[in-house]
Amino acid sequence: MYYNKKLNPLTLEEYKSEENIKAFQDYWEKNDSHKKNFDAGRLRISLTEGCNFRCPYCFNEGMACKSAKSFSVKDIATILEASEGIAKRIKLTGGEPLFHKDIVEIINMCSSKFQTTLTTNGSLLERITPVADKLAYMRVSIPSLDDQEYKKLTGSNYSPKDILKKIQELKKISNINTSLNIVVNKFNVQNLKEYLEE
């Protein structure tokens, strides 16, 4: 979490501002001792607040897609430039990162300089077909393998079979490494054993 001069958490606009990015770059260049002992390793970029799911356990639950804020391609380019020589890997998240209208361009940008991974709910995988092989790894969140429970947990009309089919279709045309994620919560914990055995 980053804070402004009044010790309040930065808003998205403040975080995105050229002034804040420039301040970070200046600090980094002037503090060699920190630089030598610091390895950011993986940089997580939340591309957008928007998501087409409404998972009750998510911090972003209920965020309307139309009102959601997103980083622009220019913002991402600035972040990547500032991160060269610091971060080695980029993790793209959201909201739902595939909801971002420029996701293909962003993956191209990130993967040209960094090892790039993606965390997604898997409902929009067809959008990354042209660039799937440029991703080092993909994590797909599937909170349940039971149709009714899945719909309840995601607030969507998709089923787990729909998402698994999309993964299979994508893997037919790419070599992308994929794992399934589950957020264990009071809604699905009783079926956790069955999930893991599948």
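Residues numbered from 1 in each chain as written. Predicted model: local features only at pLDDT ≥ 70, side-chain atom pairs only at ≥ 80, totals over all residues. Heavy atoms only, no water.

Let's shift gears to the pairing of strand E2 (residues 87-93). On a regular strand, one side chain projects to one face of the sheet and the next to the other, so that they alternate. The buried fraction of E2 amounts to five of the seven residues, a majority that puts the element mostly inside the structure. Across six bridges, the pairing between strand E1 (residues 41-46) and E2 is parallel. Residue pairing in the sheet places Arg 42 in a bridge with Arg 89 of E2. Here E2 pairs with strand E3 (residues 115-120) via four bridges, running parallel. What sits directly across from Arg 89, in E3, is Gln 115. Viewed along the sheet, the connection from E2 through helix H5 (residues 103-111) into E3 turns out right-handed. (Buried < 20%, exposed > 50% of the residue type's maximum accessible area, 1.4 Å probe, protein only. Helix = DSSP H or I, 4+ residues; strand = E, 2+ residues; numbered from the N terminus. Pairing = 2+ DSSP bridges. Right-handed = clockwise from strand over helix to strand, strands pointing away.)

The next thing to look at is the packing of helix H4 (residues 73-83) against H5. Close contact between H4 and H5 brings their axes to 11 Å; oriented N to C, the two are set at 10°. Classified by the angle between their axes, H4 and H5 sit roughly parallel to one another. The segment H4 lies against H5, with Val 73, Ile 76, Ala 77 and Leu 80 engaging Glu 105, Ile 106, Met 109 and Cys 110. (Axes fitted to C-alpha atoms, helices over the stretch in contact; angles between N-to-C directions. Parallel < 35°, antiparallel > 145°, perpendicular 65-115°, else oblique. Contact = heavy atoms within 4.5 Å.)

Let us look at the sheet that holds E3. Spatially, five strands are ordered E1-E2-E3-E4-E5 in an open sheet, and the strand pairing comes out parallel. The open sheet is flanked by E1 and strand E5 (178-181), the only strands paired with a single partner. This sheet shows a mean twist of 20° between the axes of neighbouring strands, independent of strand direction. Where H4 meets the sheet, it contacts E1 and E2, and its direction lies at approximately 165° from that of E1. Packing of helix H7 (residues 160-172) onto the sheet brings it into contact with strand E4 (137-141) and E5, and relative to E5 it is tilted by some 170°.

Positionally, His 100 belongs in the loop between E2 and H5. Those residues in contact with His 100 that sit more than four places away from it in its chain are Leu 47, Thr 48, Ser 70, Phe 71 and Ile 106.

Another aspect to go through is the side chain of Ser 83. Here Ser 83 is to be found in helix H4. In this structure, Ser 83 is in contact with Leu 43 and Phe 114, ignoring residues within four places of it in sequence.

In this section: H7. Its 13 residues place the ends of H7 19 Å apart at the C-alpha level, agreeing with the 18 Å of an ideal helix rising 1.5 Å per residue. Along H7, the residues that are buried comprise Pro 160, Ile 163, Ile 167 and Leu 170. End-on, the buried residues of H7 take up no more than an arc of 90°, which puts them together on one face. Exposed residues lying more than 90 degrees from the buried face of H7 are Lys 161, Lys 165, Gln 168 and Lys 172. Close packing links the buried residues of H7 with E4, helix H6 (147-154) and E5. (Expected span 1.5 Å × (residues − 1). Arc of directions from axis to C-beta.)

Turning our eyes to something else, we now look at the packing of aromatic side chains. Taken as a whole and judged by the stated rule, the model has two aromatic pairs. Their ring planes at 90° and their centres at 6.3 Å tell us that Phe 53 and Tyr 150 sit as a pair that is edge-to-face. In this pair, Phe 53 is assigned in the loop between E1 and H4 and Tyr 150 in helix H6, connecting sequence segments 97 residues apart. An identical accessibility class is assigned to Phe 53 and Tyr 150; each is buried. Their ring planes at 45° and their centres at 5.8 Å tell us that Phe 53 and Tyr 158 sit as a pair that is tilted. With Phe 53 in the loop between E1 and H4 and Tyr 158 in the loop between H6 and H7, this residue pair connects regions lying 105 residues apart in the sequence. The class for Phe 53 is buried, based on a relative accessible area of 4%. Residue classification places Tyr 158 among the partly exposed positions, given a relative accessible area of 25%. Clustering of aromatic rings is evident, with ring pairs tying together Phe 53, Tyr 150 and Tyr 158. (Phe/Tyr/Trp six-rings, centres within 6.5 Å; stacked < 30°, edge-to-face > 60°.)

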